Structure formats: structure tokens, C-alpha cells
Amino acid sequence: MRLEKIELRRIVLPFLTPFETSGWRELANHSVIVRLFAEGAEGWGEAPVSTGPWYNEETYATVWVMLRDILIPLVLGADLAQPEDVDALFARVRGNRMARSAIEFAAWDLFGKLRGQSLSAMLGGTRAAVDVGVSVGVQPSIAALLDVVGGYVQAGYRRVKLKIKPGWDIEPTRAVRERWPDLRLQVDANSIYTLAAADHLAQLDAFDLLLIEQPLGHDDIFDHAKLQKRLRTPICLDESIVSPEHARWALEMGACGVINIKPSRVGGLAPARQIHDMAQAAGVPVWCGGMLETGIGRAANVALASLPNFTLPGDISASNRYFARDVVANPFALNADSTLSVPTAPGCGAVVDLAYLDQITVERLM
Ligand code: SMG
Ligand code: MG
């Protein structure tokens, strides 16, 4: 299969409420959306980047340039026999994995449509629905936090993740745990601490957490291995696992007991599946993270989360947790058992609402 045309769009899709982490605040989804055309079909992908390099080094501006000047010229007209060929074609590009993942996702979607196969089936998914939770940003007060978490529990979410930072860690976690003794609870620090905080972080062991996500440096594995020895709660790595090789290092060093897999962070679904397989062989559970994606990127995440070793709930909430209106005509909705249903239509299953996508597009190429 040869790609005939590639369309790029930069969008701005406001969130219902701002999302605050240990280091920055997000007001809207600023993704770059990719649309591939071949053999009468089209495939969609999303690079879920932001305005600044706060989560990782990529932004909508770097992704735009990388796609336009490097990745599209590499892939356009290339002979692709299977979706995995895209990752192989991009192997000599250093970093820039979110940019790469947008084309990679779209290629899976396109191949799925051409073969009449769902993305979940192509990846080896084994579930018809995936367990999901909700990620709750830093709040102005504990009262506000209990209010927000209460709303999500009311909506049916059975797993909650709290964003933490120095000054907003032990007490908010304690308050949520006291109010909901049986809630599946975990925390995410987005790389704000150093190893010097080990004793402080060990206080989190009292709250029966599923995991503590990325407490230390965004590119650190070494100190996480040291920290893990001082905590009972499993560390989960997010930012610092950017490839299957990084996952292998972390597993061999004992730097984590859990891995958060975001296919966009690792360059696509093919490397994401490799990390899944490697963790499974090591007896380490994984779960699918989120980057506040539109219904396009969310469909890739849901399909990936249907693989067997995704045994912890994902940060893949329903569309209405993020947006008043999504870019797809079939937004994901929460089932009564805190799951999202895995699409069965050919490709990723996202039915893009072109008219609305046009409205929120702020820059376009092709
Ligand atoms: O997609 O619901 C979501 C957000 C999940 O907390 C979430 N993501 O570090 O895991 C993480 C953060 C990164 C995104 S912050 C913009
Ligand atoms: Mg995280």
C-alpha cells in the first residue's frame, strides 16, 4: 500500500475544566491531527501535544515541523505492507515520538479499514470492554478536591488518580482515602520530586495506593530503582519509558512495579505492544495512560488497552470528562461498570465529525 496524500491539522479544543499537574496547567487540547489517504480509504491519528514542552520535549510546533519536513517525506509514497512498517521506517529518527505516533496510529486505522479488521483485533486485543478511571488535577483546596472526586465517583468511575506535588500530596491523598476507603486510588507526581524526598513519599505507603506514578526525573530510571527499594507501594513509570529499550532497562533494574503505556509517548502502537509483551513476560502489569486526547487518539488507547496484560484501569475517561463536544460522532461513554466498550468497526472505530473538526482547526496543510 502506498500513501497517496497526507493532511495535517492543528486544533484547539477547549477542556470543560482546566487540568493542573505538578508543573503546568492545560486549558485545551492542542493536538496535531493526521489524516492519511490510500486506495479510497482514510486513516486518522493524533499527536496529543501541548503548547509547551512541559510533559515531554514535544509541542504542537515541533510536531508540525517534524511531520511536515521529515516524517511525511519519509512515509509518503513508501511501500507499506503492514502498519508495523511505519515504525521501522521512522527508526532512524531520533526522539520526536509523538510526531511519529500520529502517522503510525493513522496507518493502523487505514490498514484496519482496508482489511475490514478492528484495531483491537489487529493488535491482539482480548477484551470487549476496558477498565478505566479518571485523573484528577491539582485543586485549590481539599474541600474542592473531595467535591470533584465525589462527582466522578457519582458518575461511575471506580478508580481515581490524584495529581500530587510538594505541598499537595500526603494530606489530599489521606482525605480522599478517608472519604472513600474502597476506591482504587493512585497518585502521579509528573517528575516533581528528587530522591531526597524518599522518606516524605514513603508516607504514601499508608494509603493503600495501586501505585505512585513518576515521582522522580522525567528521564530518570536509576534513582527510581533506588526509590523503589524504600517504598512498599509500586512505582509506575510514565515519562521515562519512551521505548521498549527503556522498558527493558527499568524492568532489569527494578525501577518500577508497574508501567504506564501511552502509545503516543513511545512512538506508536507497535512499540507500545512490544512494551506490553515485555512487561507481561516479566510479570509486571501495565495500564494505558492518557494525554487528554480527542476521540481519535482515545480510540487508539482503548484498542491498546484491550490487550491481556493491561490489568489496571487506564486514564482513558469518557469523552464528557474532557469536552462539551468531541471531534467524533461516536464519543466514548462510560459503562455502568467503569469500563469503555472497545470498538469493533474496521480500523480504530473513530467516526470523525468533519464539520466540527473544520471549526476547531486553526492551521492546516494539504
Ligand atoms: O487523559 O485523562 C487524561 C489525563 C491523564 O493524568 C493524565 N495524564 O502524566 O499521566 C500523566 C498526564 C499527562 C498529561 S498532562 C497534560
Ligand atoms: Mg503520568
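Residues numbered from 1 in each chain as written. Chains lettered and ligands numbered in written order. Predicted model: local features only at pLDDT ≥ 70, side-chain atom pairs only at ≥ 80, totals over all residues. Heavy atoms only, no water.

Peer 1: Can you lay out the overall build of the chain for me, pointing to particular residues and giving the numbers?
Peer 2: Check the secondary structure of the chain and you find 12 helices and 15 strands. For the chain, the C-alpha radius of gyration of 19 Å lies close to 21 Å, the compact-globule estimate for 366 residues. Projected onto its principal axes, the C-alpha coordinates of the chain cover approximately 55 × 40 × 35 Å. Here the chain holds 366 residues, and the buried ones make up 62% of them. Sequence separation of 24 or more characterises 72% of the internal contacts of the chain that already satisfy a separation of 6 or more. Of the roughly 13,600 Å² that the chain leaves accessible, carbon and sulfur atoms contribute 53%. Of note, the chain has its 35 positive side-chain charges centred 0 Å away from the centre of its 42 negative side-chain charges. (Helix = DSSP H or I, 4+ residues; strand = E, 2+ residues; numbered from the N terminus. Rg over C-alpha atoms; globule rule 2.2 N^0.38 Å. Buried < 20%, exposed > 50% of the residue type's maximum accessible area, 1.4 Å probe, protein only. Contact = heavy atoms within 4.5 Å. Areas by Shrake-Rupley, 256 points an atom, 1.4 Å probe, with all protein chains shown as cover. Lys, Arg positive; Asp, Glu negative; His and termini not counted. Charge placed at Lys NZ, Arg CZ, Asp CG, Glu CD.)

Peer 1: Go over the site of ligand 1, please, and point to the residues and values.
Peer 2: Taken together, 18 residues lie near ligand 1, and Ser 135, Lys 161, Asn 190, Leu 292 and Tyr 322 sit nearest. In this structure, an oxygen atom belonging to ligand 1 sits 3.1 Å away from a side-chain N or O atom of Asp 188. The contact in question runs from a nitrogen atom of ligand 1 to an N or O atom on the backbone of Gly 290, over 3.0 Å. Each residue belonging to the shell around ligand 1 can be placed in one class, and the counts come to six nonpolar, four polar and eight charged. In this structure, the shell around ligand 1 is formed jointly by two domains, domain 1 (5-116 + 351-365) and domain 2 (122-341), each of which donates at least three residues. (Near = heavy atom within 4 Å. Polar contact = N/O pair within 3.5 Å; in protein donor to acceptor, adjacent residues only side chain to side chain. Nonpolar A, V, L, I, M, F, W, Y, C, P; charged D, E, K, R; others polar. Domains from an automatic or database assignment.)

Peer 1: Give a description of the packing of aromatic side chains that names residues and reports values.
Peer 2: Taken as a whole and judged by the stated rule, the model has three aromatic pairs. Aromatic pair Tyr 152 and Tyr 157: ring centres 6.0 Å apart, planes at 85°, arrangement edge-to-face. Judged by centre distance (5.7 Å) and plane angle (40°), the rings of Tyr 322 and Phe 323 are tilted. We note that Tyr 322, like Phe 323, is buried. One aromatic cluster is present, built from ring pairs that chain together Phe 15, Tyr 322 and Phe 323. (Phe/Tyr/Trp six-rings, centres within 6.5 Å; stacked < 30°, edge-to-face > 60°.)

Peer 1: Give a detailed account of the side chain of Ser 243, specifying residues and quantitative values.
Peer 2: Tracing the backbone shows Ser 243 in the loop between strand 11 (235-237) and helix 9 (244-253). You can call Ser 243 buried: its relative accessible area is 11%. Within the structure, the side chain of Ser 243 is placed 2.6 Å from the side chain of His 246, a separation counted as a polar contact. Setting aside residues up to four positions removed in sequence, Ser 243 forms contacts with Arg 97, Val 266 and Ile 275.

Peer 1: Break down the pattern of salt bridges for me, citing the residues and quoting the values.
Peer 2: By the definition in use, this model includes 23 salt bridges. Between Asp 238 and Arg 265 there is a salt bridge, and its shortest N-O distance comes to 2.7 Å. Separated by 27 residues along the polypeptide, Asp 238 in the loop between strand 11 and helix 9 and Arg 265 in the loop between strand 12 (258-261) and helix 10 (269-282) bring together distant segments of the chain. Grouping residues by exposure puts Asp 238 and Arg 265 together as buried. Through salt bridges with shared partners, a single network forms among Glu 7, Arg 9, Arg 35, Glu 42, Asp 358 and Arg 364. (Salt bridge = Lys/Arg side-chain N within 4 Å of Asp/Glu carboxyl O.)

Peer 1: Which residues make up the sheet that holds strand 15 (residues 361-365), and what are the values?
Peer 2: The four strands are arranged 5-4-1-15 in an open sheet whose pairing can be described as antiparallel. The open sheet has two edge strands, strand 5 (41-47) and strand 15, and neither has a second partner. The sheet shows a mean angle of 20° between the axes of neighbouring strands, direction not considered. As paired strands, strand 4 (residues 32-38) and strand 5 are joined by seven bridges and run antiparallel to one another. Directly across from Ala 38, in strand 5, lies its bridge partner Ala 41. Strands strand 1 (5-11), strand 4, strand 5 and strand 15 of the sheet are contacted by helix 1 (residues 60-75), whose axis makes an angle of about 175° with strand 1. (Pairing = 2+ DSSP bridges. Axes fitted to C-alpha atoms, helices over the stretch in contact; angles between N-to-C directions.)

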